[in-house]
Each structure stands twice: as structure tokens, then as C-alpha cells.
Amino acid sequence: MSKIDWANLSFSYIKTDYNVRSYFKDGQWSELEESTSEQLTIHMAATCVHYGQEAFEGLKAFKGKDGKVRVFRMEENAKRLQKSAEGILMEPVPVDLFNKAVIRAIELNMDYVPPYESGASLYIRPLLIGSGPKVGVSPSDEYTFIVFVTPVGPYFKEGFKPTKLMINRKFDRAAPQGTGNIKVGGNYAASMVAGKIAHEKGYSAVLYLDSREKKYIDECGPANFFGIKDNTYITPLSNSILPSITNMSLVQLAEDMGMKVERRPIEFAELASLEEAGACGTAAVISPVGQIDDVEEGKSFHYGEPGEPGPISQKLYKKLRAIQYGDEPDTHNWVTVIG
Ligand SMILES: *Cc1c(COP(=O)(O)O)cnc(C)c1O
């Protein structure tokens, strides 16, 4: 393995030594295989390539001060991949196989888990694809499940800084009764044009409104949205949002801190009365939101002091990171310790 500059990692792919794979064929999953190849050989008529039969997961492992490696809420990712599989008629990966594959992929690449001091972590990417051939539209008879890992840097290199979001009513990420609530690649393909426009205009992501009425807050690109007001953690309730495991964890931590929690439709107009806003997901934990611009209606919403995340967002962020790195006790049994 070549030397990795732990302090300057970004969120991008770096080759590691191994990945693990299992194949579903003739009604059963194969034993896990260890592979050193970064390539995947699949049939040119595979359903993932033509018809988007593809789902993925994203989770992280963290090295603690004690040298132990902790994986965060792996079973939740296993269950979510099963839901995603069912949503597009793929063969679900058994939870045991998922857990075994994630642990094996970490164990085989222990040298790539960034040291505690770097603030970096090991990103784990499980992938499930329809790999059997079909020309007519129908689900594949064969599936390939892969788990690879790659070390990633701390999301906020220059510290925990608020970002800007853009509302754009001309695009939807997911249909009201579509696939927004499962983690499939098709949702990401559908979000790329709006995402590109937002980035070109200097925004970090698109804040989507609900696609039926354009009245409620839906999702924030690849992250869930939350707001804070009156000591309450508020997050949208919608069928087209991906249930974020980070969000689920923040809900619990907010309750632990004595805050109220509301999961309900959030009207767009309510953005004006929030005290803090944030986007949450595995990559960043929390991305504090300092500004939301509604370009079409010429409105802007501002949160907190410029460049400063709100106090509750900071508290939630620190608490979750402390549990992930093993600095504070894991009272909810969220981490699996490896090695
Ligand atoms: C993965 C994902 C999230 C974040 O989920 P986590 O489990 O917190 O990482 C949010 N929104 C979308 C659309 C996603 O794909």
C-alpha cells in the first residue's frame, strides 16, 4: 500500500486492497468471495445497465483513541438495502450476509482505516445490482452484491461551516409515489441536472419541494433536511424522502437532550420562522445551512451568524461524532466494535 496523506483526504475514491462479493444465482446466495480486482465483469444485457436495477448503501467505520474500529448502525443499513431491493424487485440481501460482508471488507482493509487524530474515516459502499441478462423489461434472475471501502477525509476541512441551498421548482428529485424513499441510483441520475445548476450558481445543494404541490419541504439533494425552533427538532414527513439513518440518530439525540421532536410536513413558508437549519447524512453528519434562496420568488432565508453554525446543530454534531469515534458511551447500541 502506498502512503496515504491522512490529513488531506477528500471525499473521493482511493484504491484499497480488497472488496467482497456474493452472487445470487439459481435461487441462492454464494459464499462471500474476497477480490483484489476493482473491475466488475457483467453481461452487457444486465438489468442494472439498461433498466436501473441498482441500489446502494453508505456507512462509515471510525478508529477510536483506543485503536478499536467502530461501524455505525450497520443493521439499519442492512434493513434499508432490503427495502430498496424490494422496491425495484431485486433479490434482498439477507441481513447476516450484509453484516458479514461489511465486517469482512473492513477487516481485509484495516490499514486503510484512518487514524483517530486525522478526523477522517473509512467509507463503506455496499452495492446490489441486477446482473443477469434481460431485453424485455422484467427483473433479473441473477444479482451481484459487492462491498468496497475507501478512506475519506473529514467533510469539513476548514471546520464546520454553514452552506447555501437553492430552491428550484423546475425540477423534482422523485415522484410523490415513486422511488424517493429507497436508495436507488435512478434517484441520483434524476437529480444531476438540478444539482449541476445549483453548483454553478454557488450553492452546495438543491432543497427540493414536494413534487405534488410544491408547498412542503422534501429533501436536500443527497441529505435529509431538519430545522430547529423553540427547542424542537423538526424534520419533514414525506413518502418521497429517503429515511436517513443519521436523521434517525439525531432525532434520538435531540430527545436525549430534552428537546421536542416533530416529524411532520413542513410548509415552505415555515422556513422563515426556523432558528437553525441543517442537512444530514453519513458523509457530513450535519451540514449547517446558513442561507436558503428561492430564486424564482426572490426570497432568501438566513440562519445564525454568518459563518457560524447554530448552537444546537453544533451540540448534535459533537455528540454524534463522539459516539462514532468511541469518545462517549454508546448508550443506544449503535456501534459494532471490530478488532
Ligand atoms: C443516503 C441518503 C441520505 C442520507 O442517509 P444516511 O443514512 O443518513 O446516510 C439522505 N438522502 C438521500 C437521498 C440519500 O440517498
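Sequence order as written defines residue numbering, which begins from 1 separately in each chain. Under the rules for a predicted model, residues below a pLDDT of 70 receive no local features and side-chain atom pairs below 80 are neither given nor counted, while totals for whole chains, interfaces and linings still include all residues. Side-chain calculation: all heavy atoms of the structure are included, whereas hydrogens and water are not.

## Some thoughts on the environment of K134
Note that K134 resides in the loop between strand 7 (121-130) and strand 8 (143-152). The contact rule is simple, with two residues in contact once any of their heavy atoms fall within 4.5 Å. Residues contacting K134, with those up to four places away along its chain left out, are A45, T47, Y51, P139, S140 and D141. Within the local environment of K134, its side chain forms a polar contact with the side chain of D141, the two groups lying 3.4 Å apart. Numbering of helices and strands runs from the N terminus, with a helix taken as a DSSP run of H or I at least four residues long and a strand as a DSSP run of E at least two residues long. Whenever two N or O atoms come within 3.5 Å, that pair is a polar contact, provided that in protein one can donate a hydrogen and the other can accept it, and provided that, for residues adjacent in sequence, both atoms are side-chain atoms.

## Let's talk about the domain arrangement of the chain
Segmentation of the chain into domains, including their bounds, is taken from an automatic or database domain assignment. Each domain of the chain was delimited in the assignment, giving domain 1 (6-152) and domain 2 (163-324). Taking only C-alpha atoms into account, the centre of domain 1 sits 26 Å from that of domain 2. Facing 21 residues of domain 1, the contacting portion of domain 2 comprises 18 residues. Here's the idea: put two parts together, see how much 1.4 Å probe accessible area each one loses, and the total over both is what we call buried area. Carbon and sulfur atoms supply 64% of the area that domain 1 and domain 2 bury against each other, a total of about 1,600 Å² over both sides. Considering only the side of domain 1, the residues that lose the most area to domain 2 are F56, F72 and R80, jointly responsible for 36% of the buried surface there. Summed over the shared surface of domain 1 and domain 2, the result is seven residue pairs in polar contact (both at pLDDT 80 or more).

## Notes on the nonpolar core
Joining through side-chain atoms within 4.5 Å is the link that ties buried Ala, Val, Leu, Ile, Met, Phe, Trp, Tyr and Cys residues into a set, and such a set is a nonpolar core. Partly exposed residues are those whose accessible area sits between 20% and 50% of the maximum for their type, while under 20% is buried and over 50% is exposed, using a 1.4 Å probe and protein chains only. Residues V102, I106, I124, L128 and F145 are the most contacted members of the largest nonpolar core, which totals 37 residues. Counting residues per element, the ones that place at least two in this core are strand 1 (19-25), strand 5 (59-63), strand 6 (69-72), helix 2 (74-87), helix 3 (95-107), strand 7 and strand 8. The element best represented in this core is helix 3, accounting for six residues. Here V102 is in contact with L59, V71, M74, I124, P126 and V147, once residues within four sequence places are set aside.

## Some details on the UniProt feature "modified residue: N6-(pyridoxal phosphate)lysine" (unreviewed entry) in the chain
Feature annotation in UniProt places "modified residue: N6-(pyridoxal phosphate)lysine" (unreviewed entry) on K183, given in this structure's numbering. Among the secondary structure elements, K183 is positioned in the loop between strand 9 (163-167) and helix 4 (185-200). Not counting chain neighbours up to four residues away, the residues in contact with K183 comprise A55, F56, E57, G58, R80, S84, Y188 and L242. UniProt positions are given in the numbering used here, feature names are shortened, and annotations may be inferred rather than shown by experiment.

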